[in-house]
Number of protein chains: 4
Amino acid sequence: MGTTPRARRSDTRERIQQTALGLFVTRGYEKTSLREIAEELGVTKAALYYHFKTKEDILTALSDRLGEPVDELIAWGREQPPTLENKRELLSRYSVAVRDAAPLYRILQENQATLRDLDIGTRLRERVGAVSQLVHAAEDGEDAPLETLVRFSSALLTVHFGTFTLDEMPGDPEARRAALLQVAMEILDSTDGGSAG
Amino acid sequence: MGTTPRARRSDTRERIQQTALGLFVTRGYEKTSLREIAEELGVTKAALYYHFKTKEDILTALSDRLGEPVDELIAWGREQPPTLENKRELLSRYSVAVRDAAPLYRILQENQATLRDLDIGTRLRERVGAVSQLVHAAEDGEDAPLETLVRFSSALLTVHFGTFTLDEMPGDPEARRAALLQVAMEILDSTDGGSAG
Amino acid sequence: MGTTPRARRSDTRERIQQTALGLFVTRGYEKTSLREIAEELGVTKAALYYHFKTKEDILTALSDRLGEPVDELIAWGREQPPTLENKRELLSRYSVAVRDAAPLYRILQENQATLRDLDIGTRLRERVGAVSQLVHAAEDGEDAPLETLVRFSSALLTVHFGTFTLDEMPGDPEARRAALLQVAMEILDSTDGGSAG
Amino acid sequence: MGTTPRARRSDTRERIQQTALGLFVTRGYEKTSLREIAEELGVTKAALYYHFKTKEDILTALSDRLGEPVDELIAWGREQPPTLENKRELLSRYSVAVRDAAPLYRILQENQATLRDLDIGTRLRERVGAVSQLVHAAEDGEDAPLETLVRFSSALLTVHFGTFTLDEMPGDPEARRAALLQVAMEILDSTDGGSAG
DNA sequence: AATGAATGAGAGTTCATTCAT
DNA sequence: TATGAATGAACTCTCATTCAT
């Protein structure tokens, strides 16, 4: 009862994105051919082109959708003053956003060379760069000392790459995320905690 | 007397590797065609095949050469007991090794999806995995608590990825490396320093 | 009172033809895709197929419409004896007909290779061929000498191709047409003027 | 006795051009696929790409080769003052050049729409345009009257298009060429013959 | 009167690789 | 120590056309 077996007003566009996302993650963007996507879906290559103008367009659609929370986070971050407290909040939210968009960021991570000259590559890198900027932004006019900057970097690297490199560990993913975030926070705190202590 | 006008005992093999390395870094492994390498060198594609059995072979040769210090480091690490002190030493040496082999690791980083099904990809990942294992190895029989493991990860992520993501910063690269290492050390120290303090 | 807001008795068929004619002229028949026509019109490709059975059919409709005057001219010509006087008349009328159907003849001219195996191509060429035959037709039983035939050809070539190659010249098109016709007439006249002299 | 059956240092490049020329003439440039050329030659498509960078490149090579005499003629023409006598000479030489390069000019003629946006199309049209300019060039500072210009056009149209439209006629091609040229000369002469008479 | 969805066929092009010389 | 010539497989993309709704 109920589930339409083949969908009337066509959910094909949806299904293309899901299939593509899976293949882009497991096989890589470049190595995934449109033939593969089409075959796995049981349609012809031409059908893909009915729904998307180019191969890159499929990834763009995916990026627009999955990357939205990060975009919102960046927008939020730009409105806040670059206090330590706000950076903590930023990292905290980012750890959630990057987890939710993990497949997308994995694609970016593992296909950087390929995506380099694609528009979508630029857009993805800008997203990452924007977060990085917010994390590094100086609280006052003065430039922060190198060590402080590095600490900011380290905290972000921990959250970002930890999400990917630790996901093969056994155990509760949520616990891992919490632990990563906690360590990142400590790195952040030691920034002036060290100088203050 | 002196400069042979046209290659002493064929340095072509050498030159192929250098050219390939440069192109693999800037354009990516997959996107660099043998035609490109050959053209930039002023030889024919067939010449490449005289010196290397396959395209992958070029990368393999590069990896054998540039990766040697890391291999030695791994060998050294496996002989040491997994004390915190040794991990500090490991990270310290690693920060030098990864800096020296930066182009190679960048290629690995930015072409993961492509290299995934290549033998050389496996070998490169094993190298990274081995370092990771040494850093995570438990000091005694018991499993370390998650937070401790994450701290280890964080320290390694800082050294490893920091080397790449920070290299666009202005300033002295060596100072950056020192700062990265220092922060990594602190992360490492807070492991039981926190519980001890 | 009364401009219907959205097509009275569907002028879509009309509009398709106009759009197609424009594109066939500027981009060529083959290079104009049905997608282009549809997009420029703001309808779907399928709509074109509601009004025309095939792409060729659009051109056929165009040809039937624009080519009518030439067809009538041919019919007229076939009823006249092939006197020099009638040829003069024929050329005169042709210079008007080809001007009025210029876009159509331009399409034929510039897409000959493409139209070669299409039915409509054959029909278009037959039209041109028929005019040519009328111009070359011998006045009496005997075959005309080569030079005379060539002169007939030359007169027709002048009117026909002159219409297209001269239309980038500045100045009054009608004056140009008159001049072309006049020169063509002189060529025709010198036919027996030479033999008579 | 003696003809190498398969050629050592490869005459394939040559053969590709011949085959392509033939197919471009009979089937048209666009409608001739590289697969067709390759099959007719008994090689693979990739072999074509070893010898020519693109499909257009094949036509370009053909144009460079066959168009040379016309280029030389243009160069010659540009050095002469635009006297009637020189125009006679120009037309005379042109009738030979266009005959020799007939297949090339036929391709240009019958595929204008297709070649329009190709570089080679531009170059081919420039060649034709250059001849046209030489024929129309004013002898003195004053602009020639329209009728004179039209007469110049007519003479050129006669030689140029006559070469193609008359080549289906039975009889000696050389006689036809001579007749065309003669008629063209008369058209040219009547230029001031009319005003003088 | 028109749309949305899809297809099959084919295009030009690029690639890593091979092999006789 | 290299080259010239070629291949087979794959790729992204476009097109005219169809058909249920």
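Residues numbered from 1 in each chain as written. Chains lettered and ligands numbered in written order. Predicted model: local features only at pLDDT ≥ 70, side-chain atom pairs only at ≥ 80, totals over all residues. Heavy atoms only, no water.

A. Structural context of the interface of chain A and chain B. Taken residue by residue, the interface counts 38 residues in chain A and 38 residues in chain B. The partner of Arg151(B) in a salt bridge is Glu186(A), with the nearest N and O atoms 2.3 Å apart. Along the contact surface separating chain A from chain B lie 16 residue pairs in polar contact (both at pLDDT 80 or more). If one sorts the elements of the side of chain A that touches chain B by residue count, helix H10 (residues 146-165) of chain A sits on top with twelve residues. Considering only residue class, the side of chain A that touches chain B consists of 14 nonpolar, 14 polar and ten charged. (Contact = heavy atoms within 4.5 Å. Salt bridge = Lys/Arg side-chain N within 4 Å of Asp/Glu carboxyl O. Polar contact = N/O pair within 3.5 Å; in protein donor to acceptor, adjacent residues only side chain to side chain. Helix = DSSP H or I, 4+ residues; strand = E, 2+ residues; numbered from the N terminus. Nonpolar A, V, L, I, M, F, W, Y, C, P; charged D, E, K, R; others polar.)

B. The arrangement of the arrangement of the chains in detail. Taking C-alpha atoms only, the smallest gap left between chain A and chain C, which are not in contact, amounts to 12 Å. Nowhere do chain A and chain D come into contact; their C-alpha atoms are at least 21 Å apart.

C. Focus on the side chain of Ser154(B). As for its position among the elements, Ser154(B) is in helix H10 (residues 146-165). If sequence neighbours within four positions are ignored, Ser154(B) has contacts with Thr158(A), Val183(A), Ile187(A) and Ile187(B).

D. Highlighting the relation of the copies chain C and chain D. When chain C is fitted onto chain D, the two copies agree to an RMSD of 0.1 Å after a turn of 180° and an axial shift of 0.0 Å. Expressed as an axis order, the relation between the two copies is that of a two-fold axis. Same-surface contact between copies: 100% of interface residues of chain C are shared with the interface of chain D. (Least-squares fit on C-alpha atoms with pLDDT ≥ 70 in both.)

E. Just the packing of helix H4 (residues 55-66) of chain C against helix H9 (residues 119-136) of chain C, in detail. Residues and elements named next belong to chain C. H9 packs onto H4 with a crossing angle of 20° between their chain directions and a minimal axis gap of 9 Å. Taken together, the axes of H4 and H9 are roughly parallel relative to one another. Considering how the two elements wind past one another, H4 and H9 form a crossing that is left-handed. On the side of H4, the interface is formed by Glu56, Leu59, Thr60, Ser63 and Asp64, while H9 contributes Asp119, Ile120, Arg123, Leu124 and Arg127. (Axes fitted to C-alpha atoms, helices over the stretch in contact; angles between N-to-C directions. Parallel < 35°, antiparallel > 145°, perpendicular 65-115°, else oblique. Left-handed = near helix turned anticlockwise from the far one by under 90°.)

F. How the structure looks around the protein's contact with DNA strand F. Taken together, 37 residues lie near DNA strand F, and Tyr49(A), Thr44(B), Thr12(D), Tyr50(D) and His51(D) sit nearest. Across the atoms of DNA strand F situated within 4 Å of the protein, the share located in sugar and phosphate is 63%. Contacts to DNA strand F include Tyr49(A), whose side-chain N or O atom sits 2.6 Å from a phosphate oxygen. One of the backbone N or O atoms of Lys55(A) is found 3.0 Å from a phosphate oxygen in DNA strand F. Listing elements by their share of the surface near DNA strand F, those giving two or more residues are helix H2 (34-41) and helix H3 (45-51) of chain A, helix H3 (45-51) of chain B, helix H2 (34-41) and helix H3 (45-51) of chain C together with helix H3 (45-51) of chain D. Of the residues assigned to the surface near DNA strand F, the class counts are 14 nonpolar, 14 polar and nine charged. (Near = heavy atom within 4 Å.)

G. Up close: the interface of chain C and chain D. Across the contact, 38 residues belong to chain C and 38 residues belong to chain D. Carbon and sulfur atoms make up 62% of the surface buried where chain C meets chain D, a total of about 2,900 Å² over both sides. The interface formed by chain C and chain D includes six salt bridges. One salt bridge in this structure joins Asp117(D) and Lys31(C), with 3.1 Å as the shortest N-O distance. Across the chain C-chain D interface, the total number found is 16 residue pairs in polar contact (both at pLDDT 80 or more). Among the secondary structure elements, those contributing two or more residues to the side of chain C that touches chain D are helix H1 (12-27), helix H7 (102-110), helix H8 (112-115), helix H10 (146-165) and helix H11 (173-196) of chain C. Per-element tally for the side of chain C that touches chain D: the top contributor is H10(C), with twelve residues. Of the residues in the side of chain C that touches chain D, the class split is 14 nonpolar, 14 polar and ten charged. (Buried area = accessible area lost by both parts, 1.4 Å probe.)

H. How the structure looks around the protein's contact with DNA strand E. Around DNA strand E, a shell composed of 37 residues is seen, among which Tyr50(A), His51(A), Thr44(C), His51(C) and Tyr49(D) lie nearest. Near-protein atoms of DNA strand E (within 4 Å) split between backbone and bases, with sugar and phosphate holding 65%. Tyr50(A) has a polar side-chain atom sitting 3.3 Å from a phosphate oxygen of DNA strand E. Note that a phosphate oxygen of DNA strand E is positioned 3.0 Å from one of the side-chain N or O atoms of Ser33(D).

I. The relation of the copies chain A and chain B, seen in detail. Of the transformation superimposing chain A on chain B, the axial component is 0.0 Å and the angular component is 180°, with the fit at an RMSD of 0.1 Å. Interface overlap between copies is the fraction of interface residues in one copy that are interface residues in the other; for chain A against chain B it reaches 100%, indicating a shared surface.

J. A negative patch on the surface, seen in detail. Residues and elements named next belong to chain A. A surface patch of negative charge is lined by Glu139, Asp140, Glu142 and Asp143. Structurally, Asp143 can be placed in the loop between helix H9 (119-136) and H10. With relative accessibility at 71%, the residue Asp143 sits in the exposed group. (Patch = residues over 30% accessible without salt bridge, like charges linked within 9 Å, V, L, I, M, F, W, Y side chains within 5 Å. Areas by Shrake-Rupley, 256 points an atom, 1.4 Å probe, with all protein chains shown as cover. Lys, Arg positive; Asp, Glu negative; His and termini not counted. Charge placed at Lys NZ, Arg CZ, Asp CG, Glu CD. Buried < 20%, exposed > 50% of the residue type's maximum accessible area, 1.4 Å probe, protein only.)

K. Focus on the pattern of salt bridges. For the coordinates displayed, the defined rule picks out 64 salt bridges over all chains. The residue Arg177(A) makes a salt bridge to Glu174(A) at a minimum N-O spacing of 2.7 Å. Of this pair, Arg177(A) and Glu174(A) are both found in helix H11 (residues 173-196), three residues apart, which corresponds to roughly one turn of the helix. Classification of Arg177(A) by relative accessible area gives buried; the value is 18%. Take Glu174(A): its relative accessible area is 34%, and that puts it in the partly exposed class. Across the pair Glu14(D) and Arg65(D) runs a salt bridge whose closest N-O atoms are separated by 2.6 Å.

Honestly, it's all geometry; don't read function into it.
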